[in-house]
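Next come the chains, spelled out residue by residue.
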Amino acid sequence: MESAEYKSTVEKWPGYILLPEYMTFKSLLQWEKVVRAVGDVETQSLSNMADGVIPFLCEFVKEWHIDKLPIHVTPDDLPGSPALLNWLIESVNAVFTATNEPDPLSLEQSSNT
């Protein structure tokens, strides 16, 4: 599976991560389970996030190229930065959205035929 690069928007944690270009059905089911268990991310405590979201993120990210972090981050390695956590969740949500939206290139090609 190809990877997509997501550049960090967190000043303290510059660099990028590589995420899959799309969610597999297994990943989709895991993400749905995590999102339902956590509910509204804005109102959750960090300890609630540690049980589901953080392990999923660490497994879903293919490679970490963030300053001072290993290339494969585990929940024990992840910095305690709510800003970094928020950016990671936004990045995974972007993959979810990309998985479920039509590919603009395929739409363009189909209109040309």
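Before reading further, recall that the structure is shown in the block above.
Per-chain numbering applies: the sequence of each chain, read as written, is numbered from 1 onward. Owing to the predicted nature of the model, reporting of local features is limited to residues with pLDDT of at least 70; listing and counting of side-chain atom pairs is limited to 80 or more, with chain, interface and lining totals taken over all residues. Hydrogen atoms and water are omitted, and side-chain values are computed over all heavy atoms in the structure.

(A) Geometry of unusual backbone geometry. Here Lys68, not a glycine, exhibits a phi torsion of approximately 75 degrees, which is positive. Assignment of secondary structure puts Lys68 in the loop between strand S3 (63–66) and helix H3 (82–100). The way it works is that DSSP assigns letters per residue, a run of H or I at least four long becomes a helix, a run of E at least two long becomes a strand, and they are numbered from the N terminus.

(B) Representation of the sheet that holds S3. We treat two strands as partners when DSSP finds at least two bridges between them. Sheet architecture is open: 3 strands sit in the order S1-S2-S3, paired in antiparallel fashion. At either margin of the open sheet sits one strand with a lone partner, and together these are strand S1 (3–7) and S3. When the angles between neighbouring strand axes are averaged without regard to direction, this sheet yields 25 degrees. Where S1 and strand S2 (residues 15–20) come together, 5 bridges link them in antiparallel fashion. Bridge pairing in S2 links Glu5 to Leu18. Here a residue-residue contact requires only that any non-hydrogen atoms of the pair lie within 4.5 Å. Axis lines are fitted through C-alpha atoms, for helices just across the contact stretch, and the angle between N-to-C directions can take any value from 0 to 180 degrees. Docked against the sheet, H3 engages S1, S2 and S3, running at close to 35 degrees with respect to S2.

(C) Region of the structure containing the nonpolar core. Take the buried Ala, Val, Leu, Ile, Met, Phe, Trp, Tyr and Cys residues and link them wherever side-chain atoms come within 4.5 Å; each set so joined is a nonpolar core. Note on exposure labels: buried denotes an accessible area under 20% of the residue type's maximum, exposed denotes more than 50%, and partly exposed covers the range between, all computed with a 1.4 Å probe on protein chains only. In terms of nonpolar packing, the biggest core is built from 30 residues, with Ile17, Trp31, Val53, Leu57, Trp64, Trp87 and Leu88 touching the most fellow members. Of all the secondary structure elements, the ones that give two or more residues to this core are S1, S2, helix H1 (25–38), helix H2 (46–60), S3 and H3. Aside from chain neighbours lying at most four places away, what touches Val53 is Val34, Val38, Leu85 and Ile89.

(D) Expanded view of the layout of surface pockets. Of the voids in this model, the largest pocket is the one considered here, and its volume is about 150 Å³. Surrounding the largest pocket, 11 residues form its lining, Ile54, Leu78, Pro79, Gly80 and Ser81 being those nearest its centre. For the lining of the largest pocket, the secondary-structure elements that each account for two or more residues are H2 and H3. Ten residue types, Ala, Val, Leu, Ile, Met, Phe, Trp, Tyr, Cys and Pro, are classed as nonpolar, four, Asp, Glu, Lys and Arg, as charged, and the remainder, Gly among them, as polar. The residue makeup of the lining of the largest pocket, split by class, is 9 nonpolar, 2 polar and no charged. Cavity means a closed set of points on a 1 Å grid over the protein atoms alone, one where a 1.4 Å probe fits but cannot get out, pocket means an open set with protein on both sides within 12 Å along at least 5 of 7 lines, and lining means a residue has an atom within 4 Å of a point. Grid points are joined across faces, edges and corners, and a volume is the space filled by probe spheres set on the points.

Everything listed is a geometric property; what it means functionally is a separate question.
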